[in-house]
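Report on the structure
What follows is each chain in one-letter form.
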Amino acid sequence: MTISDPPAADLPATSEAIRFDHVSVEFRTRHGEPVLALDSFDLSVAQGEFVSLVGPSGCGKSTALRLVAQLTETTKGQVRVAGAESLRGFSRVALVFQSPNLLPWKTVIDNVLYPVRFGSPAAGVDHRVRARELLALVGLERFENAYPSELSGGMQQRVAICRSLVLDPKILLMDEPFSALDALTREELQFELRRIHRHTGKTILFVTHSISESVLLADRIVVMAPRPGRLKDSFVVELAPDRTPATLHDPRFAQYSDRVREGIYGRAAA
Ligand SMILES: Nc1ncnc2c1ncn2[C@@H]1O[C@H](COP(=O)(O)OP(=O)(O)OP(=O)(O)O)[C@@H](O)[C@H]1O
């Protein structure tokens with residue numbers, strides 16, 4: 001598959017990519033105290049949907065992402081991921097974190113290609129060609145032989161996004177990927193990510209602390225209640241699919257932002 005192909009053809013466009021069914025997760029502290037991170041959490045994410053997950057610190061957002069990536073187990077309930085039977089090797093699901101975590105001794109293209117050694121690469125795909133296409137998609141085609149130290153923070157995070165896409169995952173899990181960037185680069189990458197989403201049709205579950213970021217990016221916003229995390233609100237963002245600087249001036253942008261604020265802080269704050 002090339003990056004210009006339509007979204008994965010193995011499931012119809014409307015099918016469910018991720019489903020949380022009454023999911024509870026209880027951790028234990030070092031002293032054996034129980035910590036209920038998620039409490040009967042329900043969520044369904046459609047294939048190709050871009051969902052922003054917002055909520056107060058500690059409400060279980062990262063735990064929810066880790067469940068999808070099978071890095072954490074449920075205590076009660078179930079998380080279903082379409083195609084999870086081939087999850088091993090991380091080719092169905094990819095994670096992007098706040099820090100790009102590039103290998104400093106490898107070039108940009110070798111960093112992008114790194115998952116190919118450990119994942120389950122599809123047969124017959126020239127991953128070097130695919131890596132170059134991805135670098136072109138984020139405007140880094142001239143930097144494939146550069147080293148991470150020669151790139152700005154925003155460029156490094158673009159490389160991390162290319163690396164997450166190189167095995168053509170069906171689902172992209174993003175945990176505050178832009179929170180370490182300066183405001184201008186962050187905004188640039190937000191528009192870029194939305195463009196990548198439109199271009200690739202990936203299902204994206206995006207955790208953020210930024211209300212405006214959650215609205216600017218998402219097709220739907222899920223607001224979680226304070227720990228133990230439960231679903232507080234979920235609503236569709238009916239802004240034009242192509243998000244541009246003009247989106248920020250759409251009156252509905254402020255209305256959606258207020259609704260998220262109200263979900264997090266209560267009506268008086270909003
Ligand atoms: N491995 C663990 N062991 C014990 N407690 C944990 C573990 N992982 C998470 N927790 C606890 O579970 C709760 C939810 O954590 P999680 O990281 O999912 O929240 P979050 O919403 O992503 O937080 P933040 O917005 O601050 O990143 C927190 O109280 C956290 O301390």
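For the structure, see preceding data.
Described in the following lines is the structure provided in the data block. (Residues numbered from 1 in each chain as written. Predicted model: local features only at pLDDT ≥ 70, side-chain atom pairs only at ≥ 80, totals over all residues.)

1. Quick look at the site of the ligand
Around the ligand, the structure places 13 residues, and the nearest of them are Phe27, Ala37, Ser57, Ser62 and Thr63. Only strand E2 (34-46) and helix H1 (61-68) provide two or more residues apiece to the shell around the ligand. Top element by residues in the shell around the ligand is H1. It accounts for 3 residues. Grouping the amino acids of the shell around the ligand by side-chain chemistry returns 4 nonpolar, 7 polar and 2 charged. (Near = placed C-beta within 6 Å. Helix = DSSP H or I, 4+ residues; strand = E, 2+ residues; numbered from the N terminus. Nonpolar A, V, L, I, M, F, W, Y, C, P; charged D, E, K, R; others polar.)

2. Some thoughts on unusual backbone geometry
Residue arginine 227 is joined to proline 228 through a cis peptide bond whose omega torsion reads 0°. Along the chain, proline 228 turns up in the loop between strand E8 (220-224) and strand E9 (231-236). Notably, glutamine 70 is not glycine yet its phi reads approximately 60°, a positive angle. Tracing the sequence through the fold places glutamine 70 in the loop between H1 and strand E4 (76-81). Phi angles above zero are rare outside glycine, and asparagine 101 is one such case at about 50°. The topology assignment puts asparagine 101 in the loop between strand E5 (93-96) and helix H2 (108-118). On the neighbour-count criterion, asparagine 101 (12 C-beta atoms within 10 Å) is exposed. (Buried ≥ 20, exposed ≤ 12 C-beta atoms within 10 Å, placed from the backbone.)

3. Details of the packing of helix H4 (residues 153-165) against helix H5 (residues 183-200)
Remark: H4 packs on H5, axes separated minimally by 11 Å, with the N-to-C direction vectors making an angle of 20°. On the basis of the axis angle, H4 is roughly parallel to H5. Once H4 is placed against H5, the crossing between them reads as right-handed. Seen from H4, the contacting residues are Gly153, Gly154, Gln157 and Leu165; seen from H5, they are Thr185, Glu188, Leu189 and Thr200. (Axes fitted to C-alpha atoms, helices over the stretch in contact; angles between N-to-C directions. Parallel < 35°, antiparallel > 145°, perpendicular 65-115°, else oblique. Left-handed = near helix turned anticlockwise from the far one by under 90°. Contact = placed C-beta atoms within 7 Å.)

4. As for the packing of H2 against helix H3 (residues 127-137)
Following both chains from N to C, one finds H2 and H3 inclined at 125°, their axes separated by 10 Å at the closest point. Between H2 and H3, the crossing angle belongs to the class labelled oblique. Between H2 and H3 lies a crossing whose hand is right-handed. Listed contacts from H3 to Val108, Ile109, Val112, Leu113 and Val116 of H2 are His127, Arg128, Ala131, Leu134 and Leu135. When the residues that make up the contact of H2 with H3 are grouped by side-chain class, the tally is 8 nonpolar, 1 polar and 1 charged.

5. Some words on the sheet that holds E4
In space, the 3 strands of this open sheet follow the order E2-E1-E4, with antiparallel pairing throughout. Edge positions in the sheet fall to E2 and E4, since each has one partner strand and no second. Pairwise comparison of adjacent strand axes, ignoring direction, gives a mean angle of 20° for this sheet. With 5 bridges joining them, strand E1 (residues 16-28) and E4 adopt antiparallel strand pairing. Its bridge partner being in E4, aspartate 21 is matched across the sheet by glutamine 78. Across the sheet, H1 lies against E1, E2 and E4, angled at about 60° from E2, the strand it touches most. (Pairing = 2+ DSSP bridges.)

6. Quick word on H4
In this model H4 runs 19 Å from its N-terminal to its C-terminal C-alpha over 13 residues, within 8% of the 18 Å that 1.5 Å per residue would give. With 10 of 13 residues buried, H4 is to be regarded as a mostly interior element. Residues of H4 that are buried include every one of Gln156, Gln157, Arg158, Val159, Ala160, Ile161, Cys162, Arg163, Ser164 and Leu165, and no others. For H4, the elements touching its buried residues are E5, H2, H3, strand E6 (171-175) and H5. (Expected span 1.5 Å × (residues − 1).)

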